[in-house]
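# Coordinate inspection notes
Residue strings, one per chain:
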Amino acid sequence: MHSRLRTLFAATTTALAVVLLHACVRPTPASKAPARDQLYVNFVGTWKGTLEVADGLGTGTRVTRPAALQVVPAPDQDGLELRYSSDLSGTSLPHVDHVHFDRTMTDAVWGDAGATAPQAFAVRSSEGGRNGDALRLVLEGEEHNGDEPTMIRETLELSPAEIRLVQEARPIGGDFAFRRAYVLRRAQ
């Protein structure tokens, strides 16, 4: 009887060890964290590269200057604080934005940290962002500077090593025109 119990105990212990070993070496599944949380975590950091802007003269010429971006959790809300610095005309231009996506990543607010009401955006498309793939978000919203509203489109492409942030604008009924583009790589 004791030898049967020892054999059963040894077989059970071996089976348990195999199950535990299998659980420990099994590849980890893709992150189950919500897309917004993954975006926030991957966006935080220091980024350096360039800012390209339209020349403002209507010639279609673009001007490219060095730029940097530091992204940190927003101190006063659930979201991110984007601290831009760019060198246009030999003068460093610091600027701080806040960005916040809702949990379902269908709506966002993005705007100057000092503004009384940040601009509301709808997330028009969201692609990638899982298993190391670049995340591509297209946001659209109306800007009200002056008499006529302008449609703003922000396209954000975020990979572990690079950010591309392109802003386009169009008057209602017109075509989208380039405003600015940041192309930044994660600083070491």
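Residues numbered from 1 in each chain as written. Predicted model: local features only at pLDDT ≥ 70, side-chain atom pairs only at ≥ 80, totals over all residues. Heavy atoms only, no water.

## Comments concerning helix H2 (residues 35-43)
Buried residues of H2: Arg36, Gln38, Leu39, Tyr40 and Phe43, and no others. Of the residues trailing H2, glycine 45 is marked for its positive phi of about 150°. (Buried < 20%, exposed > 50% of the residue type's maximum accessible area, 1.4 Å probe, protein only. Helix = DSSP H or I, 4+ residues; strand = E, 2+ residues; numbered from the N terminus.)

## What about the confidence of the model for the protein?
Per-residue pLDDT for the protein averages 78, and the proportion of residues at 70 or more is 77%. Low confidence marks residues 1-30, where pLDDT is under 50. Its contacts with residues over four positions away, or in another chain, come to 1 contact. (pLDDT = per-residue confidence, 0-100. Contact = heavy atoms within 4.5 Å.)

## Brief notes about the nonpolar core
In terms of nonpolar packing, the biggest core is built from 30 residues, with Leu39, Phe43, Leu69, Leu82, Phe101, Leu137 and Ile163 touching the most fellow members. Not counting residues within four places of it along the chain, the set of residues in contact with leucine 39 comprises Phe101, Met105, Leu135, Leu137, Leu156 and Leu158. (Core = buried A, V, L, I, M, F, W, Y, C linked by side-chain atoms within 4.5 Å.)

## Side note on the side chain of threonine 155
Position of threonine 155 among the secondary structure elements: in strand S8 (residues 150-158). Overall, the relative accessible area of 10% leaves threonine 155 in the buried class. Setting aside residues no more than four positions away along its own chain, threonine 155 makes contact with Arg136, Leu137, Val138, Arg164, Leu165 and Val166.

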